[in-house]
Each structure stands twice: as C-alpha cells, then as structure tokens.
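Structural description and commentary
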Amino acid sequence: TNDFQVHTNGTERMRIDASGNVMVGSSDTGNAGTINLSVGVVGSTTGGLQLWSGTAGTHYVQFGDTNSSNGPYRGALGYRHADDAMVMLTAGTEKMRLTDAGKLGIGITGPTEALHIRAASDHPLVIENTTNAGYAGIQFSDNASGSYAQKGEFRFNHADSSSEGSGASFTFTTTESDLSIIG
C-alpha cells in the first residue's frame, strides 16, 4: 500500500493513508470528510486527544471555510485556561460560554446565573412541546427531600392547536400552601 506508518515496539501507532487521512492508534479513517483524523480504537473505551497549554492559553477545535479573516474559525469549540471556561463560536464569534462555576451563558461572555441568556429579541427563550394540543411549561423544585421534589409549575396549555389563542390558558400550580402573585 501507499500508506505511511509509524511503529513503536513492533506496534503501529500512526498511519497516513494514500488519501491523506491521519489515524493515531487506529486504522479506521472515520467519516468526517475529505481528510480525517481518527484517534483511538473503534469499540474501545481508551484513547482521546490531549491539547496542552500554559495557564493563560486557549485551545480550539476549529471549523473553517477560508484562509482569511475569521474563515479558519467560523465554528469552534475552545477552552480558555486563563478563566477555565469552555466556549463555542459560530460565524466566527463567541456565542456560548460555560464558566468554571458551571454557569452557562448564551449570547453573553460573563453569565451571572446558572443559565444566562442575552438576546436582541422579544423572545430570548422559547419552550415548545411538539405534541398536538400539548402542554409546555417550567417546573420549579428545591430538591428538599433528596429526590425530585416538585414545588411548582408554570404551564401553558393550548387546547386547540388549530387556531391561535382559542382555548389557550396559563396555569400556575404549587405544592406549597401559600401562593403569591405580585404584579
């Protein structure tokens, strides 16, 4: 064959095949596209890709389409060691960040709560149930009993999905004895 192989201790460790696919610890090219990088053995629980950096560096797995401007990183997954944050880029800019405190920011690089969404939209969050005439809602829990302890629910019911607004209702239920509506 026209493959380039690297062996240590009599075992193949890396291969570049005639198509330019690079396989490390594997002879399976995968199916990523024209040129593939395959790491590990199919069906094995071992293997991986380790990227090293200094404590202030950033590593990215980048998805590019050109060599100019932000073309090399139109899409990317990155890890910022300086603030221990995982980031996701689309269209060349950061769109989502998971901080070292476990806070997820969508549209914001400094989330202040567990989920922080910032958008130039009247509807930055949409909750959708795809079943016909179904419910969509949010459940609130304090997990006080050690298992999922539902304390309240805010639910939208669209009983007649064939018309807009007809038969629609909002319901708030709670397992607590006090219900306060402020407004």
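See above for the structure.
Report follows, based on the coordinates. Keep in mind that this is a model prediction, so the values were computed, not measured.

1. Let's talk about the pairing of strand 6 (residues 75–80)
Relative to strand 6, strand 5 (residues 58–63) runs antiparallel, the two being bridged by 6 bridges. Looking across to strand 6, one finds that Phe-63 is bridged to Gly-75. In this sheet, strand 7 (residues 85–90) lies alongside strand 6 in antiparallel orientation, the contact comprising 5 bridges. Bridge pairing links Leu-77 to Met-88 in strand 7. The antiparallel hairpin formed by strand 6 and strand 7 contains 4 residues in its connecting segment, where Asp-84 sits at a positive phi of about 50°.

2. As for the environment of Glu-94
Secondary-structure assignment places Glu-94 in strand 8 (residues 93–98). Here the alpha-carbon distance between Glu-94 and Thr-109, two residues 15 residues apart in the chain, equals 7.8 Å.

3. Some thoughts on the sheet that holds strand 8
Ordered by their spatial adjacency, 6 strands build an open sheet running 5-6-7-8-9-10, and the pairing between neighbours is mixed. Edge positions in the sheet fall to strand 5 and strand 10 (115–117), since each of these pairs with one other strand and no more. Neighbour to neighbour, the strand axes of the sheet diverge by 20° on average, direction disregarded.

4. So, the side chain of Asn-70
Within the fold, Asn-70 resides in the loop between strand 5 and strand 6. A distance of 3.5 Å separates a polar side-chain atom of Asn-70 from the backbone oxygen of Ala-91.

5. With respect to the pattern of salt bridges
Evaluated as defined, the whole model comprises 5 salt bridges. Across the pair Glu-12 and Arg-15 runs a salt bridge whose closest N-O atoms are separated by 2.7 Å. Judged by relative accessible area, Glu-12 falls into the partly exposed class, the value being 24%. What makes Arg-15 buried here is its relative accessible area of 18%. Across the pair Asp-83 and Arg-97 runs a salt bridge whose closest N-O atoms are separated by 2.9 Å. Here Asp-83 is found in the loop between strand 6 and strand 7, whereas its partner Arg-97 is found in strand 8, with 14 residues between them in sequence. Judged by relative accessible area, which is 28%, Asp-83 ranks as partly exposed. One network of salt bridges, in which partners are shared, links Arg-80, Asp-83, Glu-94 and Arg-97.

6. Describing the pairing of strand 8
In the sheet, strand 7 pairs with strand 8 via 5 bridges, with the strands oriented antiparallel. The residue bridging Leu-89 from the neighbouring strand is Glu-94, located in strand 8. Where strand 7 hands over to strand 8, the hairpin turn is made up of 2 residues, of which Ala-91 adopts a positive phi near 50°. Hairpin connection from strand 8 to strand 9 (residues 104–106): 5 residues lie between these consecutive antiparallel strands, with Gly-102 at a positive phi of about 80°.

Calculation rules
- Every residue gets a number counted from 1 within its own chain, in the order that chain's sequence is written.
- Predicted model: local features are reported for residues with pLDDT of at least 70 only, side-chain atom pairs are reported and counted for 80 or more only, and whole-chain, interface and lining totals are derived from all residues.
- Where side-chain values are given, they derive from all heavy atoms of the structure, hydrogens and water being excluded.
- Pairs of strands are assigned from DSSP output, requiring at least two bridges between the strands.
- Numbered from the N terminus, helices here are DSSP runs of H or I no shorter than four residues, and strands are runs of E no shorter than two.
- Axis lines are fitted through C-alpha atoms, for helices just across the contact stretch, and the angle between N-to-C directions can take any value from 0 to 180 degrees.
- Whenever a nitrogen or oxygen atom comes within 3.5 Å of another N or O atom, the pair is scored as a polar contact, on the condition that within protein one atom can donate a hydrogen and the other can accept it, and that pairs from neighbouring residues in sequence are kept only if both atoms are in side chains.
- Between Lys or Arg on one side and Asp or Glu on the other, a salt bridge is scored when a side-chain nitrogen of the former is within 4 Å of a carboxyl oxygen of the latter.
- Buried, partly exposed and exposed residues are distinguished by accessible area as a fraction of the type maximum, computed with a 1.4 Å probe on protein chains only: under 20%, between the cut-offs, and over 50%, respectively.

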